[in-house]
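So you can see what is in the structure, the chains are spelled out below.
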Amino acid sequence: AQSVAQPEDQVNVAEGNPLTVKCTYSVSGNPYLFWYVQYPNRGLQFLLKYITGDNLVKGSYGFEAEFNKSQTSFHLKKPSALVSDSALYFCAVGKGYAGNMLTFGGGTRLMVKP
Amino acid sequence: NAGVTQTPKFQVLKTGQSMTLQCAQDMNHNSMYWYRQDPGMGLRLIYYSASEGTTDKGEVPNGYNVSRLNKREFSLRLESAAPSQTSVYFCASSDRRSQGETQYFGPGTRLLVL
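Chemist: Describe the state of the cysteines, and please don't skip the residues or the numbers.
Modeler: Applying the stated criterion across every chain yields a total of 2 disulfides over all chains. Through a disulfide, Cys23(A) is tied to Cys91(A); the S-S separation comes to 2.0 Å. With the S-S bond torsion at -65 degrees, the cross-link from Cys23(A) to Cys91(A) turns out left-handed. Remark: Cys91(A) occurs in strand E10 (residues 87-95) and Cys23(A) occurs in the loop between strand E3 (19-21) and strand E4 (24-26); sequence separation between them is 68 residues. Both residues of the pair, Cys23(A) and Cys91(A), count as buried. Bridging Cys23(B) to Cys91(B), the disulfide has an S-S length of 1.9 Å. Since a negative S-S torsion denotes a left-handed disulfide, the Cys23(B)-Cys91(B) link at about -75 degrees is left-handed.

Chemist: So what's going on with the interface of chain A and chain B? Residues and values would help.
Modeler: Think of interface size as the accessible area that goes away when the parts come together; that is how it is often given. If you look at the interface, chain A gives 22 residues, while chain B gives 22 residues. Across the chain A/chain B interface, buried area totals approximately 1800 Å², and carbon plus sulfur atoms make up 52% of it. Our count for the contact surface shared by chain A and chain B stands at 0 salt bridges. Taken together, chain A and chain B are joined by 4 residue pairs in polar contact (both at pLDDT 80 or more). Contributions of two or more residues to the side of chain A that touches chain B are made by strand E5 (32-38), strand E6 (44-50), E10 and strand E11 (101-104) of chain A. With 4 residues, E5(A) is the largest single contributor of residues to the side of chain A that touches chain B. The class makeup of the residues in the side of chain A that touches chain B is 13 nonpolar, 7 polar and 2 charged.

Chemist: Give a description of the pairing of E5(A) that names residues and reports values.
Modeler: All names here are of chain A. Of all 7 residues in E5, 7 are buried, a share of seventy percent or more. In E5, alternate side chains face the same way, and those of Tyr 32, Phe 34, Tyr 36 and Gln 38 on one face and Leu 33, Trp 35 and Val 37 on the other are all buried. As paired strands, E5 and E10 are joined by 7 bridges and run antiparallel to one another. Within E10, the position partnered with Tyr 36 by the bridge is Phe 90. Where E5 and E6 come together, 6 bridges link them in antiparallel fashion. Bridge pairing links Leu 33 to Tyr 50 in E6. Here E5 folds back onto E6, and the loop between the two strands holds 5 residues, one of which, Asn 41, carries a positive phi near 55 degrees.

The rules behind these values
Residues numbered from 1 in each chain as written. Chains lettered and ligands numbered in written order. Predicted model: local features only at pLDDT ≥ 70, side-chain atom pairs only at ≥ 80, totals over all residues. Heavy atoms only, no water. Disulfide = S-S within 2.5 Å. Helix = DSSP H or I, 4+ residues; strand = E, 2+ residues; numbered from the N terminus. Buried < 20%, exposed > 50% of the residue type's maximum accessible area, 1.4 Å probe, protein only. Contact = heavy atoms within 4.5 Å. Buried area = accessible area lost by both parts, 1.4 Å probe. Salt bridge = Lys/Arg side-chain N within 4 Å of Asp/Glu carboxyl O. Polar contact = N/O pair within 3.5 Å; in protein donor to acceptor, adjacent residues only side chain to side chain. Nonpolar A, V, L, I, M, F, W, Y, C, P; charged D, E, K, R; others polar. Pairing = 2+ DSSP bridges.

Right under this line is the structure:
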């Protein structure tokens, strides 16, 4: 069985400071890892994914994530947070054919304060 | 392109009533998915359809049925609604032609069962 843990229910950061949203996973074989963002009353929007190759993945809106196989982590980062980054962030791991069946973490609410 | 669309946006049911949630995508994707989102639990897969004509159970299929009507449409039916099915339901689609294909989500249907 595969699983995803997002250990922080909420992350608070001041605007302009770097942010990190943590994600660890458990899966047999090579993981396919995703980050999605959800704004209030909206569906999930894709941010970035790791399939293979470079451990540092760059995505939308200046976000990036680092795949660490030894620590089974895939933390989401951004060098300088914006108030508009405030949202709910989900990490997911894929399995099955082509990694398309996703298991999601519980989500982390990011609050960026001016 | 509208992407993934869902109807209705909001629905209130009484216990025991039935309803069908509709989903359509215009991206010519092969695979479609139904998830439910509950607070603190992320998204959980209810059913998925890897291709037209096939459907399979996900993590939480009990109390639901699905129909892949054609390549574009994938509906979710609640035969006898229960309060435990109060949730936000998301439909998603993806193209299975390569590894770790991104899933694209609809705006969601908020369901309240009284």
